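# Understanding the architecture of this molecule
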Amino acid sequence: MSIQGLGRGGIARRPAAHLPAESNRLVAWLVLIGITLPSNMTVFIGGAKFIPARIVICLLLIPGLVVLFRKRRMGAPDLFVFAASAWMLGAIAQTDESWSSAGAVVLEFAGGYILARAYFFERPQLETFVQVLKPVTFAIIALAILEHLTKHNIAAALLGMPSTGHEYRYGLLRASSTFPHPILYGTFCTVAGAIFVYSESSSPGRILYGGLCLFGCLLAMSTAPLMAFAIVIAVYYYDRVMSAYHWRWQLMLAGMAAFLVIVFAVANKPVSWLVANMTLDPATGYFRVATWESAFYYINLSPYLGYGFTSYAPSEDFFANASVDAVWLTLSLRFGVPLVMLISLANIASFYRSGPTAGIRRSYEAYMNNVRTGFTLALAMLMFVGFTVHYWNNIWIFWGLCIGIRASLQEEYFKANESLGRKSGGLLAQTAPRFPQMASHPSQGTEGFLS
């Protein structure tokens, strides 16, 4: 094999002629446009409220379920997502929460996940998703630029909808583009940036699309997305420098854990120290710390099925009357701590591999290895930013979509190894992993814990 036939780390590239033709381009456009259209664009059908993304999910859900159950193997991520959906519906029956609201939450999260598992599985479909994500991301950042220049929400003006007003930080406008809040817009830019940094095959492409997403985060002027984007850049360069070592991800996680242990051991008020030293506006950070302390009291009153968000909001507690700026807190309040555990496990199960390595060696192409790492990093950033903001509508669906794509990448990886094992025979054929069984492998290129 020639040198040109090798990807990063000596990984063989599959000839383009062997790639399946299906790319699901129309599905990618519908899903991503639906996610990025303003969520206050609503249509009422029989009293039910539909935003653009929900309409897309309803149109594609039934055929997506058919594909999922006929062509995909059920794995750990599928079980956790379906269990989380069932838990939400079961918990809501025990509280004073709205059934329609809970149903919408389940439809958005599980629906986004199912569409991803059904329609974005092999390389052509993943390439199409990334190709469509580029112009969609460019469009929402362009709207954010116009928002800064005109001091008006251009998306709302173009669609004839009332603007929700603007927030300012340090005298600079915080753009929200088509999203309900600047931090949600910034989160989308961060997640898209993580995907682009790893999916682009050339340095100019990574600089162009990564820089565009970073600029989009700066327009939002939001601490958590900017911090998350800094982590994305740091992780990427760490991965490049340490690519020869399969234990690099374990070392990185150990370093993060050690940093937190030192902070909590040395600082008198470790949480306050983190807030003061790692946020753009410590005042908002301290407010969030107080919100967590208040919310924990109510979560402890009903930790399994949830205290109920409508019961929590009218409390005389000042912080209870304010928004709960953390998706993990809101889910715990509405549906109980077990739901948080199920969603966390769904994220982790979509990318984590452990187990015996007996003779198994990754031999698949560099592009898919990189995309796996990119979506793993995207999920990690969604989980991280979720400590400072609640996700709803657009980003909530996007989170489910990203988990589903990462789970599909995991299943596709195992299928590729099984196919290789059948062709080569011997020990590899006997030990090739089966989804959702998970295995770790010697490092090549970007493979490892996150890939």
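The numbering scheme is per chain: residues are counted from 1 as the chain's sequence reads. With pLDDT at 70 or above as the cut-off, local features in this predicted model cover only qualifying residues; side-chain atom pairs require 80 or more to be listed or tallied, and sums for whole chains, interfaces and linings still use all residues. Computation of side-chain values: all heavy atoms of the structure, hydrogens and water removed.

## What to know about the pattern of salt bridges
Opposite charge on two side chains allows them to pair when their charged atoms are near. We count a salt bridge whenever a side-chain nitrogen from Lys or Arg sits within 4 Å of a carboxyl oxygen from Asp or Glu. Summed over the entire model, instances satisfying the criterion amount to 8 salt bridges. Among the salt bridges present, the one from D78 reaches R117, with a minimum N-O distance of 2.9 Å. Here the residue D78 occupies a position in helix 3 (residues 76–92), and R117 occupies one in helix 4 (residues 99–119), the gap between them amounting to 39 residues. This pair shows no difference in class: D78 is buried, exactly as R117 is. The residue E200 makes a salt bridge to K134 at a minimum N-O spacing of 2.5 Å. Taken as a pair, E200 in the loop between helix 7 (182–199) and helix 8 (203–220) and K134 in helix 5 (residues 123–150) lie far apart in primary sequence, 66 residues in all. In this structure, a network of salt bridges that share partners links the residues D78, R117 and E411. Secondary structure is summarised from DSSP: a helix means a run of H or I of at least four residues, a strand means a run of E of at least two, and numbering begins at the N terminus for each. Accessible area is worked out with a 1.4 Å probe on protein chains only. A residue is then buried under 20% of its type maximum, exposed over 50%, and partly exposed in between.

## A few points about a nonpolar patch on the surface
Taken together, the side chains of I145, L146, L149, F215 and L218 make up a nonpolar region of the molecular surface, amounting to roughly 450 Å² of accessible area. Every element with two or more residues in the nonpolar patch is listed here: helix 5 and helix 8. Top contributing element to the nonpolar patch by residue count: helix 5, with 3 residues. On the secondary structure map, F215 appears in helix 8. Patch membership needs two things, relative accessible area over 30% and no salt bridge, and members are linked within 9 Å if like-charged or within 5 Å if nonpolar (Val, Leu, Ile, Met, Phe, Trp, Tyr). Residue exposure ignores everything except the shown protein chains as possible cover, and the areas themselves are Shrake-Rupley values with a 1.4 Å probe.

## As for the confidence of the model for the protein chain
Along the chain, pLDDT gives the predictor's confidence residue by residue, from 0 to 100. Per-residue confidence for the protein chain gives a mean pLDDT of 82, with 79% of residues at or over 70. Predicted confidence is poor over residues 314–321, with pLDDT under 50, and the contacts of this stretch with residues over four places away or in other chains come to 17 contacts. Note on contacts: a residue pair qualifies if any of its non-hydrogen atoms lie within 4.5 Å across the two residues.

## Quick notes on the packing of helix 7 against helix 8
Here, axes are lines fitted to C-alpha atoms. For helices the fit covers the stretch in contact, and angles between N-to-C directions go from 0 to 180 degrees. Close contact between helix 7 and helix 8 brings their axes to 8 Å; oriented N to C, the two are set at 165°. With respect to each other, helix 7 and helix 8 are oriented roughly antiparallel. Along this stretch, helix 7 crosses helix 8, giving a crossing that reads as left-handed. Contacts between helix 7 and helix 8 involve P182, Y185, G186, C189, T190, A192, G193, F196 and V197 from the first element and R206, Y209, G210, C213, G216, C217, L219 and A220 from the second. Under the scheme applied here, ten amino acids are nonpolar (Ala, Val, Leu, Ile, Met, Phe, Trp, Tyr, Cys and Pro), four are charged (Asp, Glu, Lys and Arg), and all others, including Gly, are polar. Taken together, the residues of the contact of helix 7 with helix 8 sort by class into 11 nonpolar, 5 polar and 1 charged. Our angle categories are set so that under 35 degrees counts as roughly parallel, over 145 as roughly antiparallel, 65 to 115 as roughly perpendicular, and the remainder as oblique. By the definition used in this description, the sense in which the near helix is turned from the far one sets the handedness, with an anticlockwise turn below a right angle giving left-handed and a clockwise turn giving right-handed.

## Considering the packing of aromatic side chains
Each aromatic pair joins two rings of Phe, Tyr and Trp (for Trp, the six-membered one) with centres within 6.5 Å, and gets the label stacked for planes under 30 degrees apart, edge-to-face for over 60, and tilted for any other angle. Taken as a whole and judged by the stated rule, the model has 20 aromatic pairs. Centroid distance Y198 to Y236: 5.3 Å. Interplanar angle 80°. Geometry classified as edge-to-face. In this pair, Y198 sits in helix 7 while Y236 sits in helix 9 (residues 223–241), placing the two residues 38 residues apart along the sequence. Accessibility expressed as a relative area gives 2% for Y198, which makes it buried.

## Overview of the nonpolar core
As a rule of thumb, nonpolar side chains are buried together in soluble globular proteins. Residues grouped as a nonpolar core are buried Ala, Val, Leu, Ile, Met, Phe, Trp, Tyr and Cys residues, joined through side-chain atoms within 4.5 Å. Counting 101 residues, the largest nonpolar core has Y185, I343, F375, Y391, W396, W399 and I405 as its most contacted members. Beyond its immediate sequence surroundings of up to four residues, Y185 is in contact with I140, I141, A144, A175, S176, S177, F179, G216, L219 and A220. Counting residues in hydrophobic clusters, the runner-up holds 8 residues, among them W292, Y298, V324 and L333.

## Regarding unusual backbone geometry
A positive phi angle, close to 60°, is found at K151, a residue other than glycine. Its location among the elements puts K151 in the loop between helix 5 and helix 6 (154–158). For K151, a relative accessible area of 43% corresponds to the partly exposed category. With a phi angle near 50°, N393 is a residue other than glycine that sits in the positive phi range.

## Re the side chain of R174
Its location among the elements puts R174 in strand 4 (residues 172–174). What qualifies as a polar contact is a pair of N or O atoms within 3.5 Å, subject to a donor-acceptor requirement within protein and to the restriction that residues adjacent in sequence count only when both atoms come from side chains. Among the polar contacts listed, one links the side chain of R174 to the backbone oxygen of A220, at a separation of 3.2 Å. One polar contact links the side chain of R174 to the main-chain carbonyl oxygen of M221, over a distance of 3.1 Å.

## Things to note about the environment of L219
Within the fold, L219 resides in helix 8. With relative accessibility at 8%, the residue L219 sits in the buried group. The sequence separation of L219 and E147 amounts to 72 residues, and the corresponding C-alpha distance is 9.3 Å. Apart from residues lying up to four places away in sequence, L219 is in contact with I141, A144, I145, H148, L173, R174, A175 and Y185.

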